[in-house]
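These are the residues of each chain, in order.
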Amino acid sequence: MSAPEIDAKYDVYKELQADIQKLYTMKQTSLSQFNENTLVKGELDLLSEEDSVFKLVGPALTKVDLGEAVGNVAKRLQFIESEITKLDNQIAVKQGEQTKVGDEVKALQGSLAQKAATAAQQIADEHS
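Residues numbered from 1 in each chain as written. Predicted model: local features only at pLDDT ≥ 70, side-chain atom pairs only at ≥ 80, totals over all residues. Heavy atoms only, no water.

Undergrad: I keep staring at the packing of aromatic side chains and nothing clicks. Help me out?
TA: One pair of aromatic rings is described through two measures. These are the centre distance and the angle between the planes. Taken as a whole and assessed by the stated rule, the structure comprises 1 aromatic pair. Summarising the aromatic geometry, the rings of tyrosine 10 and tyrosine 13 are spaced 6.1 Å apart at their centres and angled 15° between planes, so their arrangement reads as stacked. A residue pair is termed a helical-turn pair when its members lie 3 or 4 positions apart in one helix, as tyrosine 10 and tyrosine 13 do in helix α1 (residues 3-45) at 3 residues. Owing to a relative accessible area of 26%, tyrosine 13 belongs among the partly exposed residues under this scheme. (Phe/Tyr/Trp six-rings, centres within 6.5 Å; stacked < 30°, edge-to-face > 60°. Helix = DSSP H or I, 4+ residues; strand = E, 2+ residues; numbered from the N terminus. Buried < 20%, exposed > 50% of the residue type's maximum accessible area, 1.4 Å probe, protein only.)

This is how it looks when you write it as structure tokens:
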């Protein structure tokens, strides 16, 4: 293997690292949304059927049935949980790929270093 081939593998490694960082950012956003919706669910659980719930639609507040609001928040929480699970799976796959490529880079670097050491030893032996 040559240095350009090692550089190409290292570029793949860096690209995977960038992908993992993007996935972590997306997961962080989803976790924030999950926490916000969990708080909303907690607030809705404190209300009774006689209480009014309003939803902001554009510039206006619209009255919403409490049962409908609770159902919507529950569905939203389920969706966000599934998104977090998908992101966790994608992160695990990318980390596995990154580890594999990292091991390949290390092996190539070791091979290249061994070849350089052998060549240096041959030159030294010729001049002795």
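Undergrad: Where do I start with the environment of glutamate 126 in this structure?
TA: With respect to the element layout, glutamate 126 can be found in helix α2 (residues 66-126). Assessed through its relative accessible area of 64%, glutamate 126 is described here as exposed.

Undergrad: Even after reading the chapter, I still don't get the layout of surface pockets, so can you show me in this structure?
TA: Put simply, the largest pocket is a space of about 220 Å³. Together, Val40, Leu44, Val53, Phe54, Lys55, Val64, Ala69, Asn72, Val73 and Arg76 line the largest pocket. Residue assignment for the lining of the largest pocket shows that the elements contributing at least two residues are α1, β1 (53-57) and α2. When residues of the lining of the largest pocket are assigned to their parent elements, the largest contribution, 4 residues, is made by α2. (1 Å grid on protein atoms, 1.4 Å probe; cavity = no way out; pocket = protein on both sides within 12 Å on 5 of 7 lines; lining within 4 Å. Points joined across faces, edges and corners; volume = space filled by probe spheres on them.)

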